[in-house]
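Below, each chain spelled out in residue letters.
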Amino acid sequence: MILPVLEALGWDLQDVEEVRSEYRHTAADNPVDYALFLHSTPALFVEAKALGVSLDDRKPLLQTLNYANAAGVDWCVLTNGAAWRIYKVHAPVEAEEKLFLTVLLDDPSAAIEDIAATLSLLSRGRMQARAIDALWTEWRVDRQVEAVLDAITEDDAFVRLVAKRAAGLTAGEVRASLRRSGLRSFYPRVEAFMAKLDGLSETSTTTDSIKLAETSPVELTTAPAKSGRARLMKTREMVDEGLLPVGTILTIKDRPDSAATVVDGKRVEFRGELMSFNEWGCKATGWTAIQIYKWAVLPDGRLLEALRERETDPNNNKEGK
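Residues numbered from 1 in each chain as written. Predicted model: local features only at pLDDT ≥ 70, side-chain atom pairs only at ≥ 80, totals over all residues. Heavy atoms only, no water.

Observations concerning the overall build of the protein chain
For step 1, the next point in the chain: The helix and strand tally for the protein chain stands at 11 helices and 16 strands.
For step 2, the next point in the chain: Looking at the protein chain residue by residue over its 321 residues, the buried ones come to 43%.
For step 3, the next point in the chain: Contacts in the protein chain between residues at least 24 apart in sequence constitute 51% of all its contacts with a sequence separation of at least 6. (Helix = DSSP H or I, 4+ residues; strand = E, 2+ residues; numbered from the N terminus. Buried < 20%, exposed > 50% of the residue type's maximum accessible area, 1.4 Å probe, protein only. Contact = heavy atoms within 4.5 Å.)

As for the packing of aromatic side chains
For step 1, the next point in the chain: Taken as a whole, this structure holds 5 aromatic pairs when the rule is applied.
For step 2, the next point in the chain: Ring geometry for Phe100 versus Trp136: centroids 5.4 Å apart, planes at 90°, classification edge-to-face. Placement of Phe100 in strand β6 (residues 99–104) and of Trp136 in helix α5 (residues 131–151) is noted, with a sequence separation of 36 residues between them.
For step 3, the next point in the chain: The class for Trp136 is buried, based on a relative accessible area of 7%.
For step 4, the next point in the chain: Over the aromatic face of Phe37 sits the side chain of Arg20, whose NZ or CZ is 4.1 Å from the ring centroid. (Phe/Tyr/Trp six-rings, centres within 6.5 Å; stacked < 30°, edge-to-face > 60°. Lys NZ or Arg CZ within 6 Å of the ring centre and 35° of its normal.)

Here's the deal with the sheet that holds strand β13 (residues 273–276)
For step 1, the next point in the chain: Pairing in this open sheet of 5 strands is antiparallel, and the strands run β13-β12-β11-β10-β14 from one edge to the other. The open sheet has two free edges, formed respectively by β13 and β14 (296–297), since each of these has just one partner strand.
For step 2, the next point in the chain: Taken strand by strand, helix α10 (residues 277–285) contacts β10 (249–252), β11 (255–262), β12 (267–270), β13 and β14, and its axis lies near 110° from that of β13. (Pairing = 2+ DSSP bridges. Axes fitted to C-alpha atoms, helices over the stretch in contact; angles between N-to-C directions.)

Observations concerning the environment of Thr153
For step 1, the next point in the chain: Note on placement: Thr153 falls in the loop between α5 and α6 (156–165).
For step 2, the next point in the chain: Thr153 sits in the buried class, given a relative accessible area of 9%.
For step 3, the next point in the chain: On a C-alpha basis, the gap between Thr153 and Ser181 in space is 9.9 Å, while along the polypeptide they are 28 residues apart.

With respect to the packing of α6 against helix α7 (residues 171–181)
For step 1, the next point in the chain: Relative to each other, α6 and α7 sit at 105°, their axes nearing to 9 Å. Taken as axis vectors, α6 and α7 run roughly perpendicular relative to one another. Counting all contacts with α6, which are made through Asp156, Phe158, Val159, Val162 and Ala163, the residues of α7 involved are Ala171, Val174, Arg175 and Leu178.
For step 2, the next point in the chain: When grouped by side-chain class, the residues that make up the contact of α6 with α7 number 7 nonpolar, no polar and 2 charged. (Parallel < 35°, antiparallel > 145°, perpendicular 65-115°, else oblique. Nonpolar A, V, L, I, M, F, W, Y, C, P; charged D, E, K, R; others polar.)

Details of the sheet that holds strand β1 (residues 19–23)
For step 1, the next point in the chain: Taken in spatial order, the 6 strands make up an open sheet running β1-β2-β3-β4-β5-β6, and their pairing is mixed. Either end of the sheet is taken by a strand with one partner, and the two such strands are β1 and β6. Each adjacent strand pair in this sheet contributes to an overall mean axis angle of 25°, direction not counted.
For step 2, the next point in the chain: Where strand β2 (residues 32–38) and strand β3 (residues 41–48) come together, 5 bridges link them in antiparallel fashion. In the sheet register, Tyr34 faces β3, and the bridge partner there is Val46.
For step 3, the next point in the chain: In the packing of helix α3 (residues 112–119) onto the sheet, the strands contacted are β5 (83–88) and β6, and the crossing angle to β6 comes to about 140°.
For step 4, the next point in the chain: Across the sheet, α5 is in contact with β4 (75–79), β5 and β6; its angle to β6 comes to roughly 120°.

Considerations on the pairing of β11
For step 1, the next point in the chain: Relative to β11, β10 runs antiparallel, the two sharing 3 bridges. Each residue of the ladder has a partner; that of Ile249, found in β11, is Thr261.
For step 2, the next point in the chain: A loop of 2 residues connects β10 with β11, the two strands running antiparallel in sequence, and Asp254 in this loop sits at a positive phi of about 65°.
For step 3, the next point in the chain: Summarising the sheet, β11 and β12 pair through 2 bridges and their orientation is antiparallel. Following the sheet pairing, Thr261 is matched in β12 by Glu269.
For step 4, the next point in the chain: Counted along the chain from β11 to the antiparallel partner β12, the turn is 4 residues long.

Comments concerning the side chain of Ser123
For step 1, the next point in the chain: Following the sequence through the fold, Ser123 ends up in the loop between α3 and α4 (124–129).
For step 2, the next point in the chain: A distance of 3.1 Å separates the side chain of Ser123 from the backbone nitrogen of Arg126, its partner in a polar contact. (Polar contact = N/O pair within 3.5 Å; in protein donor to acceptor, adjacent residues only side chain to side chain.)

Things to note about the environment of Glu154
For step 1, the next point in the chain: Within the secondary structure, Glu154 sits in the loop between α5 and α6.
For step 2, the next point in the chain: Assessed through its relative accessible area of 42%, Glu154 is described here as partly exposed.
For step 3, the next point in the chain: Sequence spacing of Glu154 and Arg179 is 25 residues, and the spatial spacing of their C-alpha atoms is 8.5 Å.
For step 4, the next point in the chain: Ignoring sequence-local partners within four residues, the contact set of Glu154 consists of Arg175 and Arg179.

What about helix α2 (residues 58–71)?
Since there are 3.6 residues in each turn of an α-helix, residues three or four apart along the chain are aligned in direction.
For step 1, the next point in the chain: Under the 1.5 Å per step criterion, the end-to-end length of α2 is 20 Å for 14 residues, consistent within 8% with the ideal 20 Å.
For step 2, the next point in the chain: Burial in α2 covers these residues: Pro60, Leu61, Thr64, Leu65, Tyr67, Ala68 and Ala71. When α2 is viewed along its axis, its buried side chains cluster within an angular range of 155° and face the same direction. Summarising the geometry of α2, the exposed residues directed more than 90 degrees from the buried face are Lys59 and Ala70. (Expected span 1.5 Å × (residues − 1). Arc of directions from axis to C-beta.)

Written out as C-alpha cells, the structure reads:
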C-alpha cells in the first residue's frame with residue numbers, strides 16, 4: 001500500500017538515486033525503510049509498519065526521528081499504509097508535538113480531495129519546491145502568536161492600555177470585563193491550510209489509485225450541483241442562516257463525552273470554556289489538527305459537513321439554499 005502511494009506522488013521507485021530501501025546513513029546506523037532523495041541528498045524518511053499496527057507506540061516514532069535527525073533530514077513519515085503521519089524532525093518540541101499533518105486513507109468520511117491535497121506535499125515536485133516548509137513556518141508562527149494573544153488579557157500592560165483608552169474605567173474594571181468576555185484569538189487551523197493546498201495539486205480518481213499531477217494547479221471543489229455550482233459554507237454562515245442554531249449540541253464522532261454547545265458562528269462552549277470549533281475538536285480528541293466538518297456530529301446524527309453545501313445559480317449569480 002505504501003509503495004503505490006509513493007509512486008503516485010512522483011517518486012521513481014526504480015531509481016536507486018531517488019528511492020532507497022533499508023537505507024543506512026552510516027554503516028553503524030539502523031536502517032530506515034525508505035529514504036527519498038533530491039539531488040543526491042536524503043529529503044524524506046518513511047518508516048513503514050504493518051497494516052493495522054497502531055502508530056501511537058512512541059518507540060518507532062523516536063527511532064524514526066533519531067534516524068532522520070542523524071542524517072540531517074527535516075521531514076519524516078510514519079505509516080502503516082492506511083494512516084500517514086508527517087513529522088517536522090527539527091522542530092524544537094517533544095517528539096509527539098513534531099506531528100504536523102495526518103492523512104487517513106481508510107476514513108470513509110474523508111474527502112478524496114483533502115487526502116490528495118495533503119499527500120501532495122510529499123510529492124517529489126512539492127518537496128523540491130519546499131511547499132511543506134512554507135506551510136509549516138506559517139503554522140508555527142501562528143501558534144506562537146496565538147498563545148500570546150490568548151494570554152494577553154491577563155497582562156498588566158495590556159489591561160492598563162485598555163483602561164487608558166476606555167476613559168473613566170479602572171484597571172480592575174477592565175480586568176473583570178476581559179474575564180467576562182472570554183476573549184480569545186481564533187486563528188483558522190485545518191481549513192485555512194487545506195484552502196492553501198487546494199491549489200497545489202490536481203487529482204483524478206481511478207478504481208485502484210489516486211493520481212497526483214504536478215502540472216497546472218486547479219481548485220479542488222465538490223461536484224457541481226444540478227441547478228448551479230456548489231459552494232461550501234463555514235460555521236458562521238450556518239449560524240447566520242439558521243441552519244446551525246445557537247444552543248445546538250455537537251459531539252465528535254465516536255466520542256460521546258465530547259459534547260459542546262454552539263455559542264456563535266465561531267465558538268462553542270466545551271467543559272465550561274469558550275473555544276473555536278477546531279480547538280474543541282482537537283481538545284476532545286487530543287489531536288493536533290482536525291477537519292471539524294468531517295468529525296462534528298449534529299443531534300440528528302448527520303456530520304456537520306451535511307450543512308455546508310449551498311448552491312449558486314449561475315444564471316442570476318444569486319445564492320439559493
